[in-house]
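So the chains spell out like this:
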Amino acid sequence: MFKHAIVRKPGENFSEGLTTVGQGGLGLPVYWKALEQHAAYCKALEACGLQLTVLEKDLDHPDSTFVEDAAVLMKQAAVLTHPGAESRAGEVARIREPLLQFFPKHYEITAPGTLDGGDICEADQHFFIGISHRTNAAGARQLADFLAQEGYTASFVDVRAMTTILHLKSGISYIGDNTLVLMDELADHPQFQGYRIIRVTESERYAANCVRINDRVFIAAGFAVLEASLKQHGYRPWALDMSEYRKMDGGLSCLSLRF
Ligand code: CIR
């Protein structure tokens, strides 16, 4: 059960963050809509029983609303990351203090290692670590070592050749009950055999990034096939409009750190 989440409001310069899809047809985000969607996301977290720490907008870092990339959380310790994009490196220092209030024990990814939280998929005692254009092998190895010290196992999934996703977790979510939601391209990967798999079709790929929040599963609105499939598997999906975050390559999970 999650009891708490840390989020950060997007700043007025949110659209100046990094994006690949924004330039490619979806357009740039509209700020007031992003704020509205953020507020709805926060309300949904609260409705699921979570207490929120809402950090103020950080105009020095337009991507800083994607707080998930700055840390990886275990039950008893936090890992401060070393983001792979230069423009995002300073986000870690800005989340350190609020995060470490809750996690007195912590580790840090250091150069030459780079790692974005969006590449890390926790599945109970096991963590899948994506090697991407943001997370390098050195960062992945450092994290695996920290995880081992805390009693978790880890394995690496190389997604560098997958041009459709930014991070591993853009294409995979663990929603409890030994169940993975997987985009088509990842669904037959040997690492994921042994899990119950809910497959996401190519046209709904964006929705593969969903989040189990206590007894609900948050999914991006507008993806009817996955929503129906989650229901069939006994889950209670909660659809949230993510249109403005999608334009900046962001998914549902990136907007919060949950613990
Ligand atoms: C970036 O390119 O870093 C941001 N515009 C989007 C980050 C999304 N984060 C995530 O998927 N965990």
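Residues numbered from 1 in each chain as written. Predicted model: local features only at pLDDT ≥ 70, side-chain atom pairs only at ≥ 80, totals over all residues. Heavy atoms only, no water.

Caption draft 1: Here's a closer look at the nonpolar core. Within the largest apolar cluster, 54 residues are counted, with the highest numbers of intra-cluster contacts made by L45, F128, I172, L186, F218 and L230. Not counting the four nearest positions on each side in its chain, L230 is found in contact with I175, V181, I198, V217, I219, Y235 and P237. Of all hydrophobic cores here, the second largest spans 17 residues; its members include V72, L115, F127 and L143. (Core = buried A, V, L, I, M, F, W, Y, C linked by side-chain atoms within 4.5 Å. Buried < 20%, exposed > 50% of the residue type's maximum accessible area, 1.4 Å probe, protein only. Contact = heavy atoms within 4.5 Å.)

Caption draft 2: Spotlight on the site of the ligand. Around the ligand there are 14 residues in total, and L18, D63, R88, R134 and M248 lie nearest to it. A distance of 2.8 Å separates an oxygen atom of the ligand from a polar atom in the side chain of R134. One nitrogen or oxygen atom from the side chain of H167 is found 3.1 Å from an oxygen atom belonging to the ligand. Its free accessible area being 340 Å², the ligand has 98% of it covered by the protein chains. Across the shell around the ligand, the residue classes tally to 5 nonpolar, 3 polar and 6 charged. (Near = heavy atom within 4 Å. Polar contact = N/O pair within 3.5 Å; in protein donor to acceptor, adjacent residues only side chain to side chain. Areas by Shrake-Rupley, 256 points an atom, 1.4 Å probe, with all protein chains shown as cover. Nonpolar A, V, L, I, M, F, W, Y, C, P; charged D, E, K, R; others polar.)

Caption draft 3: Focus on helix 1 (residues 31–47). An ideal rise of 1.5 Å per residue puts 24 Å on 17 residues; helix 1 measures up with 24 Å between its terminal C-alpha atoms. Taken together, the buried positions of helix 1 are A34, Q37, H38, Y41, C42, A44 and L45. End-on view of helix 1: buried residues confined to an arc of 160°, all on one side of the axis. Of the residues in helix 1, the exposed ones pointing more than 90 degrees away from the buried face are W32, E36, K43 and A47. One or two residues past the end of helix 1 sits G49, with phi positive at roughly 95°. (Helix = DSSP H or I, 4+ residues; strand = E, 2+ residues; numbered from the N terminus. Expected span 1.5 Å × (residues − 1). Arc of directions from axis to C-beta.)

Caption draft 4: Representation of the sheet that holds strand 15 (residues 257–258) in the model. Spatial ordering of the open sheet is given by 2-1-15, a layout of 3 strands whose pairing is mixed. Single-partner strands in this sheet number two, and they are strand 2 (51–55) and strand 15. Summarising the sheet, strand 1 (residues 4–8) and strand 15 pair through 2 bridges and their orientation is antiparallel. Within strand 15, the residue paired with I6 across the bridge is L257. Across the sheet, helix 1 lies against strand 1, strand 2 and strand 15, angled at about 175° from strand 1, the strand it touches most. Along the sheet, helix 2 (residues 91–100) contacts strand 1, strand 2 and strand 15; its crossing angle with strand 1, the most-contacted strand, is approximately 155°. (Pairing = 2+ DSSP bridges. Axes fitted to C-alpha atoms, helices over the stretch in contact; angles between N-to-C directions.)

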